[in-house]
Amino acid sequence: MSVTVAMATRTLTLRNALAYRHAWWIFVTGFLEPVFYLFSIGVGVGRLIESFDVNGHPIPYAEFVAPGMLAASAMNGALLDSTFNMFFKLKYQKLYDQMLATPLTTTQVALGELTWSLLRSGVYAAAFLLVMWADGLVHSWLAVLALPAALLIGFTVGAVGMAFTSYMRSWQDFELVTLITMPMFLFSATFFPLSAYPGWLQGIVACTPLYRGVVLCRELTTGQVTLDSLVSVIYLVVLGAAGLAVVGRRLERLLLT
Amino acid sequence: MISARGLRKSFQQKGQEPFEAVRGIDVEVRRGEAFGFLGPNGAGKSSTMRMIAAVSPVSGGSLRILGLDPATDGSQIRGRIGVCPQEDSLDTELTVAENLYVYGRYFGIGRAEVRRRAAAQLEFVQLTERGGAKVEDLSGGMKRRLTIARSMINDPEMVLLDEPTTGLDPQARHVLWDRLFRLKQQGVTLVITTHYMDEAEQLCDRLVVMDKGLIVAEGSPASLIAEYSTREVAEVRFGIGENESSAGAVESAVGRRAERVEVLPDRLLIYAADGEAAVAAVHDAGLQPVATLVRRSSLEDVFLRLTGRTLVD
């Protein structure tokens with residue numbers, strides 16, 4: 001009996017869906033955070049801001065913040081399962097030991113878990129897009145493409161998150177996750193443009209995954225697509241693939257000893 | 001089913017010599033047999049089991065499982081065997097029935113078929129009524145039974161059981177042994193590790209005794225007892241701290257009635273064909289032990305003879 005990648009992924013997804021059936025509300029809280037930011041900062045603070053330029057076009061401030069929060073919600077969707085939850089499964093629940101006693105391989109387990117992160121990202125992003133649309137913050141049909149863009153963000157964040165998690169020794173190490181994601185959330189041109197930074201800092205921020213995601217989502221929802229989007233797509237694909245390769249190798253080193 | 005030649009396992013340790021858990025063992029397990037690995041903690045049993053389960057690369061020697069090489073056909077081997085690990089690695093986020101269903105799906109078994117098998121297995125381990133229960137709410141014995149049911153979901157040709165009854169109360173152990181007997185009757189090959197002598201005597205057709213990564217004896221429980229022990233054992237206990245000092249007197253008292261006398265911290269063991277006669281000789285010599293007991297020889301005695309220490313440490 002051999003198990004294909006597709007079968008393995010389907011089963012792992014089923015397993016995660018069954019596990020979450022009893023805790024669906026955790027799903028909701030993770031989604032609400034960026035929504036609250038959108039209304040508090042984007043809409044609330046936005047009332048105090050007269051006009052705002054993106055690529056030389058004036059747009060309302062809320063329309064600037066919204067795609068940033070869309071990218072952030074995609075990140076949130078992938079983050080929880082790929083970090084805290086994966087660590088729990090790996091170290092405490094010994095879930096992967098259980099899976100690897102079956103024909104499943106480490107690569108299949110990694111892909112299956114990543115798919116779940118991706119799905120969660122997709123659900124968050126789709127719901128967020130609906131909120132944006134209902135609030136009149138979407139002005140281009142290109143915004144439909146923001147959904148695959150959000151999935152791409154989920155893929156990268158999920159893969160890199162899992163790679164990080166495979167090196168974690170205890171729950172204390174997860175402070176690092178907060179230490180990395182919190183500033184990314186606040187400073188990746190989510191609430192103000194990159195031009196607010198001095199030149200050298202702009203270069204650094206432009207290299208963070210969330211910034212690439214924000215740029216991609218913003219260009220799609222405002223309908224002003226530039227070459228920057230292509231750079232973002234390539235960057236996110238490469239980083240995610242690297243993360244996935246690390247995860248596969250690490251699971252092998254940790255579990256098949 | 002299993003063929004190992006000079007099988008070794010060593011673990012790299014930072015800044016130290018690699019730790020050798022298994023130092024070259026030869027094992028042959030035949031189809032339909034119940035085979036045991038016996039030994040104290042750290043003897044290399046679990047390391048051996050993990051290699052057989054194709055989840056731990058072999059460090060040296062050769063290993064064939066079901067005629068396949070675990071280094072290249074690991075996935076295929078795992079698909080045809082069942083594993084019941086030392087710690088129940090059940091999925092605590094799923095219900096009892098879901099545990100079996102999802103686990104079966106990991107093997108690529110079709111939906112309807114896995115549902116049918118899950119129901120049959122729940123029946124077999126007497127957990128049908130608990131199908132919808134959370135795993136956390138099960139007792140230790142029930143969790144073990146569920147783990148055994150899970151290891152059977154792929155209709156395995158061989159089941160590996162790593163210390164199946166450790167930590168269970170006597171009643172739960174007997175229920176479990178009964179289920180394992182039935183599996184054996186169905187023709188499933190069982191490979192069991194244990195450090196309980198009674199368990200090995202109950203379940204195993206053939207076993208090897210491992211110590212410090214090596215096999216020190218091999219045979220059926222009865223043949224091992226016949227070879228390494230006497231028919232009976234008389235246990236005599238003197239006051240605290242007096243056991244060792246009384247050993248010489250006991251030895252001369254029993255004389256040729258006993259094969260040998262073993263000194264343990266809390267008692268002396270007299271190995272003799274006739275235990276009662278040996279005890280009588282001790283009393284006749286004017287020695288006054290605080291307690292005596294005559295029993296049949298067990299694998300525990302074999303182990304003591306082979307390794308010079310008791311098993312449960």
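These numbers were taken from a predicted model, which means no experiment stands behind them.

> I'm lost on the domain arrangement of chain B in this one. Help?
One frequent convention defines the size of an interface as the accessible area lost when the parts assemble. Domain boundaries assigned for chain B yield domain 1 (2-222) and domain 2 (230-296). For domain 1 of chain B and domain 2 of chain B, the distance between their C-alpha centroids amounts to 39 Å.

> Is there a simple way to think about the packing of helix α3 (residues 61-92) of chain A against helix α7 (residues 175-187) of chain A in this case?
Helix-helix packing: each pair is described by the crossing angle between the helix axes and the interaxial distance. Residue and element names in this part refer to chain A. α7 packs onto α3 with a crossing angle of 170° between their chain directions and a minimal axis gap of 11 Å. Our classification of the angle between α3 and α7 gives roughly antiparallel. The residues of α7 that touch α3, namely those facing M69, A72, M75, L79 and T83, are V177, T181, M184 and F185. Grouping the constituent residues of the contact of α3 with α7 by class yields seven nonpolar, two polar and no charged.

> Help me understand the interface of chain B and chain A in this model?
Each partner contributes to the interface: chain B provides 27 residues, whereas chain A provides 27 residues. Taken together, the two surfaces of chain B and chain A that pack against each other cover about 2,500 Å², and 55% of this comes from carbon and sulfur. Together, B:R78, B:E93 and B:Y106 form the three largest contributors to the area buried by chain B at its contact with chain A, with a combined 27%. Viewed at the interface, chain A and chain B are joined by three salt bridges. Here A:R15 makes a salt bridge to B:D91, at a shortest N to O gap of 2.6 Å. The interface formed by chain B and chain A contains 12 residue pairs in polar contact (both at pLDDT 80 or more). Contributions of two or more residues to the side of chain B that touches chain A are made by β1 (2-13), α2 (70-80) and α3 (96-106) of chain B.

> Looking at this structure, how should I read the environment of A:R15?
Take A:R15: it is sitting in helix α1 (residues 5-21). Each C-alpha atom of the pair A:R15 and A:P67 lies 32 Å from the other, and the pair is 52 residues apart in sequence. When near neighbours in sequence (up to four residues on either side) are disregarded, A:R15 contacts A:K89, A:Q93, A:L95, A:M99, B:D91, B:E93, B:L94, B:V102 and B:Y106.

> Mind showing me how you'd approach the UniProt feature "domain: ABC transmembrane type-2" (unreviewed entry) in chain A here?
UniProt marks residues 25-254 of chain A with the feature "domain: ABC transmembrane type-2" (unreviewed entry), using the numbering shown here. Structurally, residues 25-254 of chain A is divided into 73% helix and 3% strand, and its ends, taken at the C-alpha atoms, are 32 Å apart.

> How should I be thinking about the sheet that holds strand β4 (residues 60-65) of chain B in this particular structure?
Paired through backbone hydrogen bonds, the strands of a sheet run either parallel or antiparallel to each other. Residue and element names in this part refer to chain B. In space, the three strands of this open sheet follow the order β2-β1-β4, with antiparallel pairing throughout. Strands with a single pairing partner mark the edges of an open sheet, and in this sheet they are β2 (16-29) and β4. Ignoring which end each strand starts from, the neighbouring axes of this sheet average 30° apart. Across five bridges, the pairing between β1 and β4 is antiparallel. In the strand pairing of β4, R8 is matched with G60.

> How should I be thinking about the UniProt feature "transmembrane region" (unreviewed entry) in chain A in this particular structure?
All names here are of chain A. The feature "transmembrane region" (unreviewed entry), as annotated in UniProt, sits at residues 24-49, 69-88, 109-134, 140-164 and 229-247 in this numbering. With 100% helix and 0% strand, the stretch residues 69-88 has end C-alpha atoms that lie 28 Å from each other. Within residues 140-164, the helical portion is 76% and the strand portion 0%, while the C-alpha atoms at the span's ends are 36 Å from each other.

> What's the story with unusual backbone geometry in this structure? I'm lost.
Excluding glycine, residues mostly carry a negative phi; peptide bonds, for their part, are mostly trans. Residue and element names in this part refer to chain B. Residue A54 is not a glycine yet carries a positive backbone phi of 60°. Exposure remark for A54: the relative accessible area of 9% places this residue in the buried category. Look at K212: it is not a glycine, yet its phi comes out positive at around 50°. Within the element layout of this structure, K212 appears in the loop between β8 (206-211) and β9 (214-219).

> What's the story with the confidence of the model for chain A in this structure? I'm lost.
Where the model shows low pLDDT, its predicted coordinates should not be examined in detail. For chain A, mean pLDDT is 90; residues scoring 70 or higher make up 100% of the total. Within chain A, no element has a lower average pLDDT than strand β1 (residues 52-54) of chain A, which sits at 76, and none a higher one than helix α6 (residues 146-165) of chain A, at 95.

> Sorry, what's going on with the sheet that holds strand β12 (residues 268-272) of chain B here?
Residues and elements named next belong to chain B. Pairing within the open sheet is antiparallel, and its four strands lie in the order β11-β12-β10-β13. The strands lining the two open edges of the sheet, one partner per strand, are β11 (258-263) and β13 (291-296). For this sheet the average axis-to-axis angle between neighbouring strands, irrespective of direction, equals 20°. Where strand β10 (residues 232-237) lies against β12, five bridges are found, and the strand directions are antiparallel. Bridge pairing in β12 places V236 opposite L268.

Parameters at a glance
Residues numbered from 1 in each chain as written. Chains lettered and ligands numbered in written order. Predicted model: local features only at pLDDT ≥ 70, side-chain atom pairs only at ≥ 80, totals over all residues. Heavy atoms only, no water. Domains from an automatic or database assignment. Axes fitted to C-alpha atoms, helices over the stretch in contact; angles between N-to-C directions. Helix = DSSP H or I, 4+ residues; strand = E, 2+ residues; numbered from the N terminus. Parallel < 35°, antiparallel > 145°, perpendicular 65-115°, else oblique. Contact = heavy atoms within 4.5 Å. Nonpolar A, V, L, I, M, F, W, Y, C, P; charged D, E, K, R; others polar. Buried area = accessible area lost by both parts, 1.4 Å probe. Salt bridge = Lys/Arg side-chain N within 4 Å of Asp/Glu carboxyl O. Polar contact = N/O pair within 3.5 Å; in protein donor to acceptor, adjacent residues only side chain to side chain. UniProt positions renumbered as here; feature names shortened; annotations may be inferred. Pairing = 2+ DSSP bridges. Buried < 20%, exposed > 50% of the residue type's maximum accessible area, 1.4 Å probe, protein only. pLDDT = per-residue confidence, 0-100.

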